Amino acid sequence: MSISHAPPVSSAPDRSSPESPSTAPPELVPLVPSSTRRARVPRWLRRTSGPLLLLVLWQVLTSVGVLTPDVLASPGTIARVGADLVSDGSLPSAMGVSLQRVAVGLLCGVVVGTGLALLSGLFRVGEDLVDASVQMLRTVPFVGLIPLFIIWFGIGEAPKVAIITLGVSFPLYLNVYAGIRGVDSQLIEAGESLGLSRWGLVRHVVLPGALPGAMTGLRYSLGIAWLALVFAEQINADAGIGFLMVQARDFLRTDVIVVCLIVYAFLGLLADFVVRSLERLLLQWRPTFTGR
């Protein structure tokens, strides 16, 4: 009789068992968003690439004769003319006069637009008295009121400041009013439940909630202020950037006109930068999406 021997049983641990001490833990691979895997290009380079490409295209078109000097001067000519205007003091003096007009008009417009928006947004009686009139007036082109302002205020500084004030007031009114009425009613109820008075609700809930809209309105109003200044300085002006443009138009100096337009754009960009910096300072409590 033959005796069969069973195969020896291996004492090696089962690697498939989760209790096995020799089993290596799975490797964790970090997930990197696709936006961070792109090549990093300095933001200042991205922001300046567009204007630089336009400048190069402009120079090429003037060099090959597509743009003649009587149509549009070359960038080199404009840079030389701008340096001459700065050296003889005419451009800095004109910038000072224009900045003064914009500052006075903007200040008056902020007071008028914000005051009317507070009156109309905080009180129903104020809304009934103010809002309908403002909505009618804002549909009237403010440029069309220039002849009427000349009749009322003469040809001095008053009509120029008045046209800037009118152009600034309406964007501020609309945005501040919308910001006040856009405050969440649940925040109002929460403030009332905490015992805030009416003035406390306005100060701690309504006005902070309306501040983002007010800053947006201020940025928009600044653009309107420079646009209104261009029209205002065409009214028998004897100083300012618009006065330089009128003189250049009479002598067909496209280079001086472009220099003045560049100055307008630079001042507008500088004003927008100031407002955006103020917005970042005042709205630190509000997290926003900054793009990817």
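Numbering of residues starts from 1 in every chain and runs along the sequence as written. Residue-level local features of this predicted model are given only where pLDDT is at least 70; pairs of side-chain atoms are given and counted only at 80 or more, and the full residue set underlies all totals for whole chains, interfaces and linings. With hydrogens and water excluded, all non-hydrogen atoms of the structure serve as input to the side-chain values.

**Looking at the layout of surface pockets**
Moving on, step 1. A cavity, in this analysis, means grid points on a 1 Å lattice covering only the protein atoms where a 1.4 Å probe fits yet has no way out; a pocket is instead an open set bounded by protein on both sides within 12 Å along at least five of seven lines, and a residue lines either one if it has an atom within 4 Å of a point. Grid points are joined across faces, edges and corners, and a volume is the space filled by probe spheres set on the points. Within this model, the largest pocket holds a volume of roughly 430 Å³.
Moving on, step 2. Lining the largest pocket are 15 residues, and of these Gly121, Leu122, Ile188, Arg198 and Val206 sit closest to its centre.
Moving on, step 3. Secondary structure is summarised from DSSP: a helix means a run of H or I of at least four residues, a strand means a run of E of at least two, and numbering begins at the N terminus for each. Here the element with the most residues in the lining of the largest pocket is helix 8 (residues 198-232); it accounts for four residues.
Moving on, step 4. Tallied by class, the residues present in the lining of the largest pocket amount to eight nonpolar, two polar and five charged. Residues are sorted three ways: Asp, Glu, Lys and Arg are charged, Ala, Val, Leu, Ile, Met, Phe, Trp, Tyr, Cys and Pro are nonpolar, and all the rest, Gly among them, are polar.

**Focus: the packing of aromatic side chains**
Moving on, step 1. Centre distance within 6.5 Å is the pairing criterion for rings of Phe, Tyr and Trp, where only the six-membered ring of Trp is used; planes under 30 degrees apart are then read as stacked, over 60 as edge-to-face, and the remainder as tilted. Under the criterion given, the structure shown has four aromatic pairs.
Moving on, step 2. Note on Phe149 and Phe153: the rings are 5.8 Å apart at their centroids and 55 degrees apart in plane angle, and the pair reads as tilted. One end of the pair is Phe149 and the other is Phe153, both in helix 5 (residues 146-153) and four residues apart, which spans about a single turn.
Moving on, step 3. Where Trp152 meets Phe153, the ring centres are 6.3 Å apart and the plane angle is 90 degrees; that geometry is what we call edge-to-face.
Moving on, step 4. Three labels apply to residues, based on accessible area from a 1.4 Å probe with only protein chains included: buried if under 20% of the type maximum, exposed if over 50%, partly exposed otherwise in between. By relative accessible area, Trp152 is classed as exposed at 54%.
Moving on, step 5. Residue class for Phe153 comes out partly exposed when judged on its relative accessible area of 43%.
Moving on, step 6. An aromatic cluster is present here, built from Phe149, Trp152 and Phe153 joined pairwise through their rings.

**As for the environment of Arg219**
Moving on, step 1. You can see Arg219 is positioned in helix 8.
Moving on, step 2. Each C-alpha atom of the pair Arg219 and Phe273 lies 9.4 Å from the other, and the pair is 54 residues apart in sequence.
Moving on, step 3. Those residues in contact with Arg219, other than ones at most four positions away along the chain, are Asp272, Val275, Arg276 and Glu279. We call two residues contacting when some pair of their heavy atoms lies within 4.5 Å.

**Focus on the pattern of salt bridges**
Moving on, step 1. Every case where a carboxyl oxygen of Asp or Glu lies within 4 Å of a side-chain nitrogen of Lys or Arg is listed as a salt bridge. Under the counting rule described, the total for this entry stands at six salt bridges.
Moving on, step 2. For Arg101, the salt bridge identified is with Glu157, shortest N-O distance 2.8 Å. Of the two residues, Arg101 sits in helix 3 (residues 90-122) while Glu157 sits in helix 6 (residues 157-181), which places them 56 residues apart along the sequence.
Moving on, step 3. For Arg101, a relative accessible area of 3% gives the class buried.
Moving on, step 4. For the salt bridge of Arg219 with Asp272, the shortest nitrogen-to-oxygen distance reads 3.0 Å. In this pair, Arg219 sits in helix 8 while Asp272 sits in helix 10 (residues 254-282), placing the two residues 53 residues apart along the sequence.
Moving on, step 5. With a relative accessible area of 33%, Arg219 lands in the partly exposed category.
Moving on, step 6. Bridged by salt links that share partners, the residues Arg101, Glu157 and Glu233 form one connected network.

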